[in-house]
Amino acid sequence: MIIKTFPLGLIGTNTYLLIDEESKEAVLIDLGGDFHPIKEELEKNNAELKYILNTHGHFDHIMGERDAQQVFKVPVYIHEDDKYLVENLPKQLERFGFVANYLPPENIKTFTQNDVFKIGNNEIKVIHTPGHTPGSVCFLIGKDLFSGDTLFYTSVGRTDFEGGSFAKLSNSITQKLFKLDEDVDVYPGHDSKTTIGYEKKYNCYFGSDNL
Ligand SMILES: [Zn+2]
Ligand SMILES: [Zn+2]
């Protein structure tokens, strides 16, 4: 599996492109900006984009999707509890002080906790991790976890936005993510990669060294 990282959009949100080398199927996780570098990468690998998965519905993770859909004609998937955020993209932009000239994606499909997606023969498991937003999820593919704004390198996502809950975030991290194998690689929505083992020890909020 090829994993490419593209920091895109207004605040450099990590967009992840996954390409299964065998089947040449590709999946995007979040799309916060201009899709052209992704299109180039797909062409270079002779791969076809199947769909876009979203870790949550905040503007900086979904802003590039409507434009990309004009070219790729793929559906966008989001947890059912965050669908309202995607539909309210212009309102979100306004609230954060940006110009609201982006339309929400079309063809929005929802998923829940136990849904499984596929890329080639690889399973993509949905782990519902509410806290940063009600419908925040992480995607687990083998030993790779895409954590959105739930878990960061030595940090966690903010919970002071509408719908946020530190109690829920705490439960999501300690009861779900920290139960995964320590050698799972974590690809967050912002900044650098980390691992579950590293965060269990050094995370500023939940690491054993800081408790
Ligand atoms: Zn967010
Ligand atoms: Zn974000």
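Everything numeric here is computed off the predicted structure, so don't read it as measured data. (Residues numbered from 1 in each chain as written. Chains lettered and ligands numbered in written order. Predicted model: local features only at pLDDT ≥ 70, side-chain atom pairs only at ≥ 80, totals over all residues. Heavy atoms only, no water.)

Examining the coordination of the zinc ion (ligand 2)
Next up, step 1: Protein coordination at the zinc ion (ligand 2) comes from Asp60 (OD), His61 (NE2), Asp149 (OD) and His190 (NE2), with a distance range of 2.1 to 2.4 Å.
Next up, step 2: Note that the zinc ion (ligand 2) binds four donor atoms; their angles at the metal cover 87 to 161 degrees, and the shape is irregular.
Next up, step 3: In the primary structure, the donors to the zinc ion (ligand 2) are separated according to the pattern D-H-x87-D-x40-H.
Next up, step 4: The metal-metal distance between the zinc ion (ligand 2) and the zinc ion (ligand 1) is 3.5 Å, with Asp149 coordinating both. Placement of His61 in helix H2 (residues 59-62) and of His190 in the loop between strand S13 (185-188) and strand S14 (194-195) is noted, with a sequence separation of 129 residues between them.
Next up, step 5: Accessibility expressed as a relative area gives 14% for His190, which makes it buried. (Donors = N, O, S within 2.8 Å, 3.2 Å for Na, K, Ca; no water. Tetrahedral: all angles 85-135°; square planar, octahedral: opposite > 155°, others 65-115°. Helix = DSSP H or I, 4+ residues; strand = E, 2+ residues; numbered from the N terminus. Buried < 20%, exposed > 50% of the residue type's maximum accessible area, 1.4 Å probe, protein only.)

Observations regarding helix H6 (residues 166-176)
Two residues of an α-helix separated by three or four positions point the same way, owing to the 3.6 residues in each turn.
Next up, step 1: Of all the positions in H6, only Leu169, Ser172 and Ile173 are classed as buried. In an axial view of H6, the angular spread of the buried residues amounts to 85 degrees, which keeps them on one side of the axis. Facing away from the buried side of H6 by over 90 degrees, the exposed positions are Ala167 and Lys168.
Next up, step 2: Those residues of H6 that are buried are in contact with strand S11 (151-152) and strand S12 (155-156). (Arc of directions from axis to C-beta. Contact = heavy atoms within 4.5 Å.)

A look at the pattern of salt bridges
Next up, step 1: Summed over all chains, the structure comprises eleven salt bridges.
Next up, step 2: One salt bridge in this structure joins Glu162 and Arg95, with 2.8 Å as the shortest N-O distance. Of this pair, Glu162 sits in the loop between S12 and H6 while Arg95 sits in helix H5 (residues 89-95), and the two are 67 residues apart along the sequence.
Next up, step 3: Note on Glu162: relative accessible area 47%, which makes it partly exposed.
Next up, step 4: For Lys200, the salt bridge identified is with Glu182, shortest N-O distance 3.4 Å. A residue pair is termed long-range when its members are at least 10 positions apart, and Lys200 in helix H7 (residues 196-202) and Glu182 in the loop between H6 and S13 qualify at 18 residues.
Next up, step 5: Residue classification places Lys200 among the partly exposed positions, given a relative accessible area of 27%.
Next up, step 6: In this structure, a network of salt bridges that share partners links the residues Lys4, Glu41 and Lys44. (Salt bridge = Lys/Arg side-chain N within 4 Å of Asp/Glu carboxyl O.)

Some points on the nonpolar core
Next up, step 1: Leu17, Leu31, Ile38, Leu42 and Leu49 are the most contacted members of the largest nonpolar core, which has 18 residues in total.
Next up, step 2: Among the elements of the structure, strand S1 (2-8), strand S2 (13-19), strand S3 (25-29), helix H1 (36-45), strand S4 (48-53) and helix H3 (65-72) are those that each provide at least two residues to this core.
Next up, step 3: Broken down by element, the residue count for this core peaks at three residues, all from S1.
Next up, step 4: Grouped together as the second largest cluster of nonpolar side chains are 17 residues, Val27, Tyr51, Phe111 and Phe117 included. (Core = buried A, V, L, I, M, F, W, Y, C linked by side-chain atoms within 4.5 Å.)

Thoughts on H3
Next up, step 1: All of the buried residues along H3 are Glu65, Ala68, Gln69 and Phe72. Down the axis, H3 shows its buried residues gathered within 105 degrees of arc, on one side only.
Next up, step 2: At the exit of H3 stands Lys73, carrying a positive phi of roughly 55 degrees.

Some thoughts on the sheet that holds strand S6 (residues 108-111)
Next up, step 1: Strands sit in the order S1-S2-S3-S4-S5-S6 across an open sheet of six strands; the sheet is mixed. The outermost strands of the open sheet, each flanked by one partner alone, are S1 and S6. In this sheet, adjacent strand axes meet at a mean angle of 25 degrees when their direction is disregarded.
Next up, step 2: Most of the contacts of H1 go to S1, to which it runs at about 160 degrees, and overall it touches S1, S2, S3 and S4. (Pairing = 2+ DSSP bridges. Axes fitted to C-alpha atoms, helices over the stretch in contact; angles between N-to-C directions.)

A short note on unusual backbone geometry
Next up, step 1: One non-glycine residue, Lys24, adopts positive backbone phi at about 65 degrees.
Next up, step 2: With respect to the secondary-structure elements, Lys24 resides in the loop between S2 and S3.
Next up, step 3: On the basis of relative accessibility, which here comes to 34%, the residue Lys24 falls in the partly exposed class.
Next up, step 4: Although it is not a glycine, Thr154 adopts a positive phi angle of roughly 55 degrees.
Next up, step 5: With respect to the secondary-structure elements, Thr154 resides in the loop between S11 and S12.

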